[in-house]
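Secondary and tertiary structure notes
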Amino acid sequence: MKRLLPLLISFLLVSCASYTISEARNKIQYPEPVSISTRYSEIKEAEEKEEERIRMIEEEKAREERAKAVNYYPSLLADLTYPFFFNPVKNANADISDNLCVVLIPLGEEKLTQETLSSIYASISDLPFHIAALTGSLENQTNFASLLGLDAVTMEGGTVIFRSSVPSVISSDRMSLTLNENRKVDILVMDQKPLLPEGGDTEEVLTLVENLEDRDIEDIVGYVSQGGNTEKIFFLSSYSPSSTDWSDWSAYSYRRDQSFMISDILEDLKWQDAYDVTRFSVETESGVTRRNGDVEERLDFIWSKGLIVSSSFTLPLENSTSSAVVANFLIP
């Protein structure tokens with residue numbers, strides 16, 4: 001009996017221990033399992049996604065800064081390349097519906113002072129133009145375009161300034177402007193650097209003009225005959241007058257009946273001389289744009305195709321011997 005008692009006590013102690021552990025296990029609260037990836041490929045993928053997100057943010061910021069930046073004319077004009085888009089306004093709306101007002105401003109080759117440029121600016125400040133073309137030296141063009149402070153494209157033949165329209169195509173010698181959702185117009189500009197003799201032998205001057213026309217006419221025809229939009233405007237500052245201006249009935253004693261190749265061929269190609277088709281008569285409205293002493297000539301032209309000319313006139317430019325040409329068109 002004495003031997004049996006220790007065995008019973010041991011059995012009871014083991015039973016109590018088993019019960020206590022079982023109860024304890026049921027009461028233990030284990031934390032929820034957390035999935036932590038330590039695989040290298042997953043860590044690398046997360047890093048690349050973050051780098052891409054940062055890169056996209058930086059690119060968008062740079063794009064916004066570029067959109068706000070103005071493409072100023074270079075201080076050294078030798079660094080300017082054609083076409084050059086001067087974009088202080090960044091016009092994004094094209095809302096010219098029925099009437100289109102354009103102006104050709106001949107600035108000449110002689111360097112113009114800031115005072116003279118300001119006077120010319122004052123001459124056109126009240127003109128509600130949509131498109132302005134500048135001819136003359138590159139320095140005069142860029143200085144005047146900067147003074148106006150409107151969007152402009154400088155091309156080989158001159159500078160075209162525009163508002164209420166948006167460029168759709170730009171090249172070194174022409175551009176296309178969107179006027180509205182249904183209409184675009186091609187813009188051509190050419191500067192033949194016209195110079196007027198103060199006097200001298202008329203025959204000598206006419207011979208020079210004829211030689212220049214023979215030299216250039218093929219290039220001119222090729223330039224104006226390229227395809228594009230139906231509506232076109234050709235701004236031309238020329239060494240050659242118009243045949244319609246020269247006759248024995250002219251008020252200018254040095255003139256006579258004379259034909260000039262450039263104006264005749266442009267008419268044959270169905271271009272319209274805006275001033276000529278709207279003036280009352282050659283005798284009463286000479287439309288002179290250049291003056292040098294007793295010699296006065298109409299050497300600056302706005303030619304058009306596919307547009308209806310409603311009016312045209314010349315506008316004297318302050319502190320200048322030149323006049324601008326203004327034309328108003330109806331958009332069909």
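Attention here is on the structure that accompanies the text. (Residues numbered from 1 in each chain as written. Predicted model: local features only at pLDDT ≥ 70, side-chain atom pairs only at ≥ 80, totals over all residues. Heavy atoms only, no water.)

So, on to the overall build of the protein. Looking only at helices and strands, the protein has 7 helices and 15 strands in total. Split into buried and exposed, the 332 residues of the protein put 41% on the buried side. A sequence separation of at least 24 residues applies to 70% of the contacts in the protein between residues at least 6 apart. Just so you have it, the protein exposes about 19,200 Å², and 54% of that area is on carbon and sulfur atoms. (Helix = DSSP H or I, 4+ residues; strand = E, 2+ residues; numbered from the N terminus. Buried < 20%, exposed > 50% of the residue type's maximum accessible area, 1.4 Å probe, protein only. Contact = heavy atoms within 4.5 Å. Areas by Shrake-Rupley, 256 points an atom, 1.4 Å probe, with all protein chains shown as cover.)

Working definition: an aromatic ring pair is given by the centre-to-centre distance plus the angle between the planes. Enumeration according to the criterion identifies 10 aromatic pairs in this entry. Ring plane angle 65 degrees and centroid distance 6.0 Å describe the contact between Phe234 and Trp271, whose orientation is recorded as edge-to-face. Taken together, the residues Phe234 in strand β9 (residues 231–237) and Trp271 in the loop between α6 (261–268) and β10 (272–273) connect sequence positions 37 residues apart. Judged by relative accessible area, Trp271 falls into the buried class, the value being 3%. Ring centres of Trp246 and Phe260 lie 5.5 Å apart, and the angle between their planes is 80 degrees; on these two criteria the pair is classed as edge-to-face. Taken together, the residues span a long stretch of sequence, with Trp246 in the loop between β9 and α6 and Phe260 in the loop between β9 and α6 at a distance of 14 residues. On the basis of relative accessibility, which here comes to 2%, the residue Phe260 falls in the buried class. (Phe/Tyr/Trp six-rings, centres within 6.5 Å; stacked < 30°, edge-to-face > 60°.)

A large share of strand β3 (residues 131–135) lies buried, amounting to 5 of its 5 residues. With burial as the criterion, each face of β3 is covered, one bearing Ile131, Ala133 and Thr135 and the other bearing Ala132 and Leu134. One ladder, built from 5 bridges, connects strand β2 (residues 99–106) with β3; its direction is parallel. Note that in β3 the partner of Val102 across the bridge is Ile131. (Pairing = 2+ DSSP bridges.)

With mixed pairing, the 7 strands of this open sheet are ordered in space as β1-β4-β5-β3-β2-β15-β14. The sheet terminates laterally at β1 (84–86) and β14 (308–316), the two strands that pair on one side only. Adjacent strand axes in the sheet meet at a mean angle of 20 degrees, parallel and antiparallel pairs treated alike. Of the strands in this sheet, β1, β2, β3, β4 (152–155) and β5 (158–162) are in contact with helix α4 (residues 138–148), which crosses β5 at around 10 degrees. (Axes fitted to C-alpha atoms, helices over the stretch in contact; angles between N-to-C directions.)

Direction vectors running N to C along helix α5 (residues 202–224) and α6 enclose 25 degrees, while the axes themselves pass 10 Å from each other. In terms of axis orientation, α5 runs roughly parallel to α6. Here α5 and α6 pass one another in a crossing that is right-handed. Judged by residue contacts, Glu213, Asp214, Ile217, Ile220, Val221 and Val224 of α5 engage Met261, Ile262, Ile265 and Leu266 from α6. (Parallel < 35°, antiparallel > 145°, perpendicular 65-115°, else oblique. Left-handed = near helix turned anticlockwise from the far one by under 90°.)

With that settled, consider the pattern of salt bridges. Tallied over the entire structure, the rule returns 14 salt bridges. Close ionic contact of Asp191 with Lys193 constitutes a salt bridge, the shortest N to O distance being 3.4 Å. Exposure remark for Lys193: the relative accessible area of 40% places this residue in the partly exposed category. Between Arg256 and Glu203 there is a salt bridge; the shortest N-O distance is 2.2 Å. (Salt bridge = Lys/Arg side-chain N within 4 Å of Asp/Glu carboxyl O.)

Here the focus is the sheet that holds β9. The mixed open sheet is built from 6 strands, whose spatial order is β6-β7-β8-β9-β13-β10. Only two strands of the sheet have a single neighbouring strand rather than two, namely β6 (166–170) and β10. Note that β6 and strand β7 (residues 174–178) share 4 bridges and pair antiparallel. Residue pairing across strands places Ile170 opposite Met175, the latter belonging to β7. α5 rests against β7, β8 (184–191) and β9 of the sheet, and its axis sits at about 165 degrees to β8.

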